[in-house]
Amino acid sequence: TIGSSVVFPTRHHFLGTKTSNQAINNNTTNLVTWDVDVYSSWDSGTSKGLDLTNNYWVCPETGYYWLYFMHRLTDGDDAGGGQIWNLTKNQTITASAQSTVTNNLFGNLVDEDTAYISNASNGQVCQLSSGDIIRFYCTNNHGTSESIQAGSDGWYQTKFGGYILR
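Quantities reported herein were computed from a predicted structural model and do not represent experimental measurements.

A. The arrangement of the overall build of the protein in detail. The helix and strand inventory of the protein stands at zero helices and 15 strands. A buried classification covers 44% of the 166 residues belonging to the protein. Counting contacts in the protein only where the partners sit at least 6 residues apart, residues at least 24 apart contribute 75% of the total. Taken as a whole, the protein presents about 7900 Å² of accessible surface, with 49% of it coming from carbon and sulfur.

Now the structure itself:
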């Protein structure tokens, strides 16, 4: 930050967020949808970058990237099970798939039965090639249908972003 203005890096970066909640039925895996590209250095109109229509990110350049996500599923303390969040590379998962996900870049499992978790996050350095397609999925095993939370007042409860390191 310089003065009162925010300065973004000139290399590839993106951040997708939700402005509305997304329903996730019990015992399903769903592609997380994105409503807003908060900032991006690469226009998806060039077939690279964050694609809000198809809800994935296309790697613009071969290199090492820091990819990260933050997420919130409605409180599942009153039900059994948990939630699984995964980033996949060049893989599509059907809604009927369960927690066994192969070829995922990384993810995490959150069990809200023992303690309320307002938000959880994860991030990792990944080696990617130009054209790799990265998708973000949520599996709900709470025993009840839940909702991926959006946010308000500029604070997004679910987001997906990244930037190139080299």
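B. Representation of the side chain of Arg 135 in the model. With respect to the helices and strands, the residue Arg 135 is situated in strand E11 (residues 133–140). A polar atom in the side chain of Arg 135 sits 3.3 Å from the backbone oxygen of Gln 91. Every residue in contact with Arg 135, bar those within four places of it in the chain, is listed here: Leu 31, Asn 55, Tyr 56, Asn 86, Leu 87, Thr 88, Asn 90, Gln 91 and Thr 92.

C. Looking closely at unusual backbone geometry. Backbone geometry places Asn 27, a non-glycine residue, at a positive phi of 60°. You can see Asn 27 is positioned in the loop between strand E2 (22–24) and strand E3 (28–31). Since its relative accessible area comes to 42%, Asn 27 is described here as partly exposed. We note that Asn 55 has phi near 60°; this positive angle belongs to a residue other than glycine. Residue classification places Asn 55 among the buried residues on the basis of a relative accessible area of 9%.

D. Structural detail: the packing of aromatic side chains. Inspection of the entire model under this criterion finds eight aromatic pairs. Between Phe 14 and Trp 57, the aromatic rings sit 4.5 Å apart at their centres with planes inclined by 15°, giving stacked as the arrangement. Linking Phe 14 in strand E1 (residues 13–17) with Trp 57 in strand E6 (residues 56–58), this pair joins segments that are 43 residues apart in sequence. Side by side, Phe 14 and Trp 57 carry an identical accessibility label, which is buried. Between the aromatic rings of Phe 69 and Phe 136, the centroid separation amounts to 4.6 Å while the plane-to-plane angle is 40°, which identifies the pairing as tilted.

E. Inspection of the side chain of Asp 51 at higher detail. Among the secondary structure elements, Asp 51 is positioned in strand E5 (residues 49–51). Although buried, Asp 51 forms no salt bridge, and the nearest oppositely charged side chain, Arg 135, lies 8.9 Å from it. Engagement of the side chain of Asp 51 in a polar contact is seen with the backbone nitrogen of Thr 53, the distance being 2.9 Å.

F. Focus on the nonpolar core. Core analysis: the largest hydrophobic core is formed by 24 residues, its most contacted members being Trp 57, Leu 67, Trp 85, Leu 87, Leu 128, Phe 136 and Phe 160. Counting residues per element, the ones that place at least two in this core are strand E7 (63–71), strand E8 (83–89), strand E9 (104–110), strand E10 (120–128), E11 and strand E15 (159–164).

G. Spotlight on a nonpolar patch on the surface. Residues Tyr 64, Val 125, Tyr 163 and Leu 165 make up a contiguous nonpolar surface patch of about 370 Å² in total accessible area. Along the chain, Tyr 64 falls in strand E7. Assessed through its relative accessible area of 39%, Tyr 64 is described here as partly exposed.

Parameters at a glance
- Residues numbered from 1 in each chain as written.
- Predicted model: local features only at pLDDT ≥ 70, side-chain atom pairs only at ≥ 80, totals over all residues.
- Heavy atoms only, no water.
- Helix = DSSP H or I, 4+ residues; strand = E, 2+ residues; numbered from the N terminus.
- Buried < 20%, exposed > 50% of the residue type's maximum accessible area, 1.4 Å probe, protein only.
- Contact = heavy atoms within 4.5 Å.
- Areas by Shrake-Rupley, 256 points an atom, 1.4 Å probe, with all protein chains shown as cover.
- Polar contact = N/O pair within 3.5 Å; in protein donor to acceptor, adjacent residues only side chain to side chain.
- Phe/Tyr/Trp six-rings, centres within 6.5 Å; stacked < 30°, edge-to-face > 60°.
- Lys, Arg positive; Asp, Glu negative; His and termini not counted.
- Salt bridge = Lys/Arg side-chain N within 4 Å of Asp/Glu carboxyl O.
- Core = buried A, V, L, I, M, F, W, Y, C linked by side-chain atoms within 4.5 Å.
- Patch = residues over 30% accessible without salt bridge, like charges linked within 9 Å, V, L, I, M, F, W, Y side chains within 5 Å.

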